[in-house]
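Inside the fold
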Amino acid sequence: MSLYDDAVLVLKGFEGRDEQQSALRNVYLEHLAAHPDGVYKPCQAGHVTGSALVIDPAGGRVLLTLHKKLGMWLQMGGHCETGDATLAGAALREAVEESGIVSGLTLLPGGPVRLDRHPIPAPCNWHLDVQYAALAPADAVAEISEESLDLRWFPYEEVAAVADTSVVRLMEAARARL
């Protein structure tokens with residue numbers, strides 16, 4: 001099965017918690033139907049990305065990265081690569097690369113937690129982000145990557161003060177699933 005086929009299956013199986021998430025799932029599926037290359041960065045009409053909020057439920061905290069290009073605190077994530085077999089695998093790979101947590105990081109069962117579509121600068125138009133949650137072991141040690149300006153654990157109650165609403169919604173959805 002190709003990454004494209006996996007993305008279509010994952011999205012068809014995604015059950016949004018509200019009408020907005022269900023409508024967004026349909027936008028993603030329409031995009032992929034129109035763009036067979038829509039899971040990769042070169043697709044200028046937009047492309048699917050995979051991200052994962054690294055969460056430490058025992059510690060009541062999440063790990064955010066201060067994105068080098070955007071200067072914003074975000075979850076780990078990014079572009080799908082040709083070696084990625086699944087969206088979940090792409091999201092987990094990105095979480096490991098950007099968090100530096102190389103052992104014990106696992107995706108929260110049940111598939112994606114949320115979808116988030118956001119505009120990006122030309123030549124592309126959109127990131128169609130499929131958002132997962134990754135559970136960190138209690139003793140996880142994070143290490144900053146070259147893609148970040150900073151990497152920091154934030155208690156749940158502090159996330160809204162440092163991150164945008166998409167990260168807050170992702171955190172809330174991940175916590176609800178826990």
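Quick summary incoming for the structure in this document. (Residues numbered from 1 in each chain as written. Predicted model: local features only at pLDDT ≥ 70, side-chain atom pairs only at ≥ 80, totals over all residues. Heavy atoms only, no water.)

Looking at the overall build of the protein chain
To keep things clear, this is the line we draw: The secondary structure listing takes helices from DSSP runs of H or I that are at least 4 residues long and strands from runs of E that are at least 2 residues long, numbered from the N terminus. Atoms considered for the radius of gyration are the C-alpha atoms alone. The globule rule reads 2.2 Å times the number of residues to the power 0.38. Any two residues whose heavy atoms approach within 4.5 Å at even a single point are treated as in contact. Only the protein chains shown count as cover for residues, and all accessible areas are computed by the Shrake-Rupley method using a 1.4 Å probe. Charge assignment: positive for Lys and Arg, negative for Asp and Glu; neither His nor the chain ends contribute. By convention, the point assigned to a charge is CZ for Arg, NZ for Lys, CD for Glu and CG for Asp.
Helices and strands together make up the secondary structure of the protein chain, namely 5 helices and 8 strands. Counting from the amino terminus, helix and strand elements in the protein chain follow one another as α-α-β-β-β-β-α-β-β-β-β-α-α. In summary, the protein chain has a C-alpha radius of gyration of 15 Å against a globular reference of 16 Å for 178 residues, a match within 12%. Taking the principal axes of its C-alpha atoms as reference, the protein chain extends roughly 45 × 30 × 30 Å. In the protein chain, of all internal contacts separated by at least 6 residues, the share reaching a separation of at least 24 is 66%. Summed over all atoms, the accessible surface of the protein chain reaches about 8,700 Å², with 53% contributed by carbon and sulfur. The centroid of the 14 positive side-chain charges in the protein chain is displaced by 3 Å from the centroid of its 24 negative side-chain charges.

Topic: the side chain of D116
What counts, and what does not: Each residue is placed in one exposure class: buried if its accessible area under a 1.4 Å probe, protein chains only, is under 20% of its type's maximum, exposed if it is over 50%, and partly exposed if it falls in between. When a carboxyl oxygen of Asp or Glu lies within 4 Å of a side-chain nitrogen of Lys or Arg, that pair is called a salt bridge. Distance and chemistry together define a polar contact, namely a pair of N or O atoms within 3.5 Å, with one atom able to donate a hydrogen and the other to accept it when in protein, and with adjacent residues in sequence counting only for side-chain atoms on both sides.
The residue D116 is located in strand β6 (residues 114–119) in this model. For the buried D116, which has no salt bridge, the nearest side chain bearing the opposite charge is R114, at an N-O separation of 4.9 Å. For D116, the side chain forms a polar contact with the side chain of H118, separated by 2.8 Å. Setting aside anything within four residues of it in sequence, one finds D116 in contact with L24, Y28, H127, L128, D129, Q131 and S166.

A few points about the layout of surface pockets
Spelled out, the test is: The definitions used throughout rest on a 1 Å grid laid over the protein atoms alone, on which a cavity is an enclosed set of points accommodating a 1.4 Å probe that cannot get out and a pocket is an open set flanked by protein within 12 Å on both sides along at least five of seven lines; lining residues are those having an atom within 4 Å of a point. Grid points are joined across faces, edges and corners, and a volume is the space filled by probe spheres set on the points.
Taken as a whole, the largest pocket encloses approximately 1,000 Å³ of empty space. Around the largest pocket sit 36 residues that line it, and H67, L70, H79, I120 and H127 are the ones nearest its centre. Elements with a contribution of two residues or more to the lining of the largest pocket: β1 (47–56), β2 (61–67), β4 (76–79), α3 (87–99), β6, β7 (126–135) and α5 (165–177). Estimates place the volume of the second largest pocket at around 230 Å³. If you go around the second largest pocket, you meet 16 residues; those closest to its centre are F14, E15, R17, V113 and R177.

Looking at the nonpolar core
Spelled out, the test is: Residues enter a nonpolar core if they are buried and are Ala, Val, Leu, Ile, Met, Phe, Trp, Tyr or Cys, with the set joined through side-chain atoms within 4.5 Å.
Judged by nonpolar contacts, the single largest core of 32 residues is most densely connected at V54, L87, I101 and V130. If you list the elements that add at least two residues to this core, you get α1 (3–13), α2 (19–34), β1, α3, β7 and β8 (148–155). When residues of this core are assigned to their parent elements, the largest contribution, 5 residues, is made by α1. Contact partners of V54, with chain neighbours within four places excluded, come to R61, V62, L63, M76, A95, S99, I101, L105, A134, A136 and W153. With 20 residues, the next largest nonpolar core counts I55, W73, V113 and A174 among its residues.

Observations concerning the pattern of salt bridges
Throughout the structure, instances matching the rule amount to 6 salt bridges. Between R93 and E81 there is a salt bridge, with the nearest N and O atoms lying 3.3 Å from each other. With R93 in helix α3 and E81 in the loop between β4 and α3, this residue pair connects regions lying 12 residues apart in the sequence. What makes E81 partly exposed here is its relative accessible area of 39%. Put simply, E94 and R93 hold a salt bridge, and the shortest N to O gap is 3.0 Å.

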